[in-house]
Amino acid sequence: MSDAIVKQIEEQGAEVRRLKGDKASTEDAKTEAIQKLLALKLAYKEATGQDYVAPNARQAKPKQAPKQQAQKPEVRKQTLLGVGTRKDDNYSEWYSEVITKAEMIEYYDVSGCYVLRPWSFAVWESIQEWFDSRIKKLGVKNCYFPMFVSNAALEREKTHIADFAPEVAWVTRAGNSEMAEPVAIRPTSETVMYPSYKKWVQSHRDLPIKLNQWCNVVRWEFKHPTPFLRTREFLWQEGHTAYANAADAEKEVFQILDLYAGVYNELLAIPVVKGRKSEKEKFAGGDFTTTVEAYVACNGRGIQGATSHHLGQNFSKMFEISYEDPSREGERAYAWQNSWGLSTRSIGAMIMVHGDDKGLVLPPRVAAVQVIVVPVGFKTSNKDSLFDAVDKVTKELVAGGVKAEHDLRENYNAGWKFNHWELKGVPIRFEVGPNDLAKKQVTAVIRHNGEKQQVSMDGIVASVKTLLDEIHTQMYNKALAQRDAHLKTTTDIEEFKKHLDEKCIILSPFCGLPECEEKIKNASTREDGEGAQMGAKTLCIPLEQPKQALPSKCLFPSCTEKAKAFALFGRSY
Ligand code: 86X
């Protein structure tokens, strides 16, 4: 994989040099070529965890990394247990190690596709349960549409298909025979669902329609894939609703956005900023896009958590989802539509935000196992009574609704088990030894901060539930403090660039124009060999604006438009 990227980098590098030497080439063409080169270098970094260094620069400049690595005890990497790479040293290698060693992901022989093992799928099930029960309270019903799209249906959405066409995967053959009419695999289901919506809407009494499906989608991207964060097939929910009037539809956009914020805050313990996408970043098929944006400290990038779109009447006009307008005889009224989606990318954000040098750190509300109970010192004392106590406390926790398990394996020692369950990110470890038994207590060790405390066997279910909630809040607050330490406000483009290079996200006054956003992106692109960096884009225009007064000038120095709002900028996924 990285060999292929190297080849592309070299070709693109030659193209950049050619354009730079060509007096006839425009600034735009040069910038575009440089952006492309940077994207490739970034893909290289993601794949290898290292900056791309041109062959002729390699001997000249000895890299720092090996020096650092030499200080690290290499033995750790050799042992099967534990993460051999520190998150701060190389987050991309750290990530790969964590997701495989914690048994979240199994690699697969189709590029960009991964096995979701029970340990990660359980997180998805917790998200499903939480979100599903809440959309049902809003009157949304689940359904299932086919995964295949006919060419005819796909082409109904003429306006954006051109942008997305390169990513659409097609089934062109059955067995050995070419199909007369190849079918596409859904990249999203607007074109799959809306022909049915047209049939179902005859009168205003057929509205609203509020449907959701939990399914897979396929987008055959060529950027370097990353488990959860960028995969060719992923799981998501997609909600598609249609209303008779705009106000009802618009209200729902924000109700769903609040639920998305809830998934991040209440389940994944990740703070998010709710906002609108800029003109440049919104879904072009809709009227406006809202989003929840999270922050990943280890690489300073923003990450879009989920989106809720108001589609206006764009799709209803394309797909003729309409009824005879009761107020204007003979005229058709078109439905007002929304669509909204949250995917398994959220699990990637969770791993990136909370994971540490010991491995995964699971927020308690999505952990498949919340408490792991481990007997200690059973080689030297009465094993049976110890094992009985472990079993009893585990059963009591399970009966009380806590996801608890014990680890009674005798072929592993306690130290091995501690490492194992820490790597897997279980929020609480209960150690039960002869001493604890005598005092009718257990020793609890908290995964995210390593703290130890004694917990009495009396009322243990209630104590654990309180503890799990405390852990959730502490994890959230830690992530919030980390985010806020990297959230800057500036009106000055030079300061903006400095903050960006210090892994910050930045609030700045912005005029909202796509051309200006493009200029800010270009101005903040770095191509100085040392760590090529993509430019910043707007993550969103926060719904809740900073308290301070909005300056009248837009961030970009030569922009003559008035600032419309503070926008949140950052490098992003
Ligand atoms: C945009 C819009 C929307 C429902 C969501 O964001 C949430 C759930 N859909 C999705 N989008 C595309 O329309 C699209 C279309 C094709 Cl053909 C494609 F290959 C990729 C796409 N990616 C995003």
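Refer to the structure printed above.
First, a word on what this report is: a plain description of the structure on this page. Position labels on residues start from 1 in each chain and follow its written sequence. Confidence filtering applies because this is a predicted model: local features only for residues at pLDDT of at least 70, side-chain atom pairs given and counted only at 80 or more, and all residues used for totals across whole chains, interfaces and linings. Side-chain descriptors were evaluated using all non-hydrogen atoms of the structure, hydrogens and water having been removed beforehand.

1. Side note on the overall build of the protein chain
Item 1. Strands are runs of DSSP state E lasting at least 2 residues, helices are runs of H or I lasting at least 4, and numbering of each runs from the N terminus. Helix and strand counts for the protein chain come out as 19 helices and 23 strands.
Item 2. Each radius of gyration reported is based on C-alpha atoms, and the globular scaling rule is 2.2 Å times the count of residues to the power 0.38. Taken against the 2.2 N^0.38 rule, which gives 25 Å for 573 residues, the C-alpha radius of gyration of the protein chain at 27 Å falls within 12% of a compact globule.
Item 3. Summarising its shape, the C-alpha atoms of the protein chain cover approximately 85 × 70 × 65 Å along the three principal directions.
Item 4. The buried label goes to any residue with under 20% of its type's maximum accessible area, the exposed label to any with over 50%, and the partly exposed label to all in between, with areas taken from a 1.4 Å probe on protein chains only. Going through the 573 residues of the protein chain one by one, you find that 50% of them count as buried.
Item 5. Charged-residue counts in this description rest on Lys and Arg as positive and Asp and Glu as negative, His and the chain ends being excluded. Every charge is mapped to an atom, namely NZ of Lys, CZ of Arg, CG of Asp or CD of Glu. Taking the average place of the 78 positive charges on the side chains of the protein chain and the average place of its 76 negative ones, the gap between the two points comes to 2 Å.

2. Thoughts on the sheet that holds strand β18 (residues 441-446)
Item 1. For two strands to be treated as a pair, DSSP must find at least two bridges joining them. Taken together, the five strands give an open sheet; going across it, the order is β16-β15-β17-β18-β19, and neighbouring strands pair in mixed fashion. Of all the strands in the sheet, just β16 (404-406) and β19 (452-456) have a single pairing partner and so form its edges. Between one strand axis and the next, the sheet turns by 30° as a mean value, whatever way the strands run.
Item 2. Examined bridge by bridge, β18 and β19 share five bridges and lie antiparallel to one another. Following the sheet pairing, A444 is matched in β19 by Q453.
Item 3. The sheet contacts of helix α15 (residues 414-423) involve β15 (371-375) and β17 (428-432), and relative to β15 the element is tilted by about 170°.
Item 4. This element, helix α17 (residues 460-485), spans β15, β17, β18 and β19 of the sheet and lies at about 145° to β17. Axis definition: a line fit to C-alpha positions, over the contact stretch in the case of helices; interaxial angles, taken between N-to-C directions, run 0 to 180 degrees. The criterion used for residue contact is that any of the two residues' heavy atoms lie within 4.5 Å.

3. Section: the site of the ligand
Item 1. Put simply, a residue is near a molecule or strand once any heavy atom of it comes within 4 Å of that molecule or strand. Taken together, 17 residues form the shell around the ligand, and within it F164, T188, E190, R219 and H309 come nearest.
Item 2. For the purposes of these results, a polar contact is taken to be a pair of N or O atoms within 3.5 Å, where, inside protein, one atom must be able to donate a hydrogen and its partner to accept one; residues adjacent in sequence count only when each atom of the pair is a side-chain atom. At a separation of 2.9 Å, a nitrogen atom of the ligand approaches a polar side-chain atom of T188.
Item 3. Between a nitrogen atom of the ligand and a side-chain N or O atom of R219, the distance comes to 3.3 Å.
Item 4. Listed by contribution, the elements that provide at least two residues to the shell around the ligand are α9 (158-164), β8 (233-243), β11 (301-312) and β14 (336-343).
Item 5. Here the nonpolar group is Ala, Val, Leu, Ile, Met, Phe, Trp, Tyr, Cys and Pro; Asp, Glu, Lys and Arg are the charged ones; every other residue, Gly included, is treated as polar. When the residues that make up the shell around the ligand are grouped by side-chain class, the tally is seven nonpolar, six polar and four charged.

4. Observations concerning the pattern of salt bridges
If charged atoms from side chains of opposite charge come close, those side chains can pair.
Item 1. Salt bridges are counted wherever a side-chain nitrogen of Lys or Arg sits within 4 Å of a carboxyl oxygen of Asp or Glu. In this structure the tally under the stated criterion is 30 salt bridges.
Item 2. Here K424 ties to E103 by a salt bridge, and the two come within 2.6 Å at their closest N and O atoms. Note that K424 is positioned in the loop between α15 and β17 and E103 in the loop between α6 (91-101) and β1 (105-107), a separation of 321 residues in sequence.
Item 3. Between D484 and R483 there is a salt bridge, and its shortest N-O distance comes to 3.0 Å.

5. A short note on the pairing of strand β7 (residues 209-218)
The two faces of a sheet get side chains in turn, since along a regular strand they alternate between them.
Item 1. Most of β7 is tucked away: nine of the 10 residues are buried.
Item 2. Sheet topology places strand β3 (residues 141-142) next to β7; two bridges connect them, and they run parallel. If you follow K141 over to β7, its bridge partner there is L211.
Item 3. Where β7 lies against β8, 10 bridges are found, and the strand directions are antiparallel. Paired with N216 across the bridge in β8 is L235.

6. A word on the packing of helix α14 (residues 383-399) against α17
Item 1. In the contact formed by α14 and α17, the axes pass within 9 Å of each other and the chain directions differ by 65°. On the basis of the axis angle, α14 is roughly perpendicular to α17. Crossing handedness for the pair α14 and α17: right-handed. On α17, the residues that touch V393, E396 and L397 of α14 are I460, V461 and V464.
Item 2. Its residues placed into classes, the contact of α14 with α17 shows five nonpolar, no polar and one charged. Throughout, the term roughly parallel applies to angles under 35 degrees, roughly antiparallel to angles over 145, roughly perpendicular to angles from 65 to 115, and oblique to all others. If you view the pair so one helix is near and one far, a crossing is left-handed when the near helix is turned anticlockwise from the far one by less than a right angle, and right-handed when it is turned clockwise.

7. Points about α15
Item 1. Taken together, the buried positions of α15 are occupied by K417, F418, H420, W421, E422 and L423.
Item 2. The backbone nitrogen of G415 has a side-chain oxygen 3.3 Å away, supplied by the residue at the start of α15, namely N413.
Item 3. Trailing α15 by a residue or two, G425 shows a phi angle of about 80°, which is positive.

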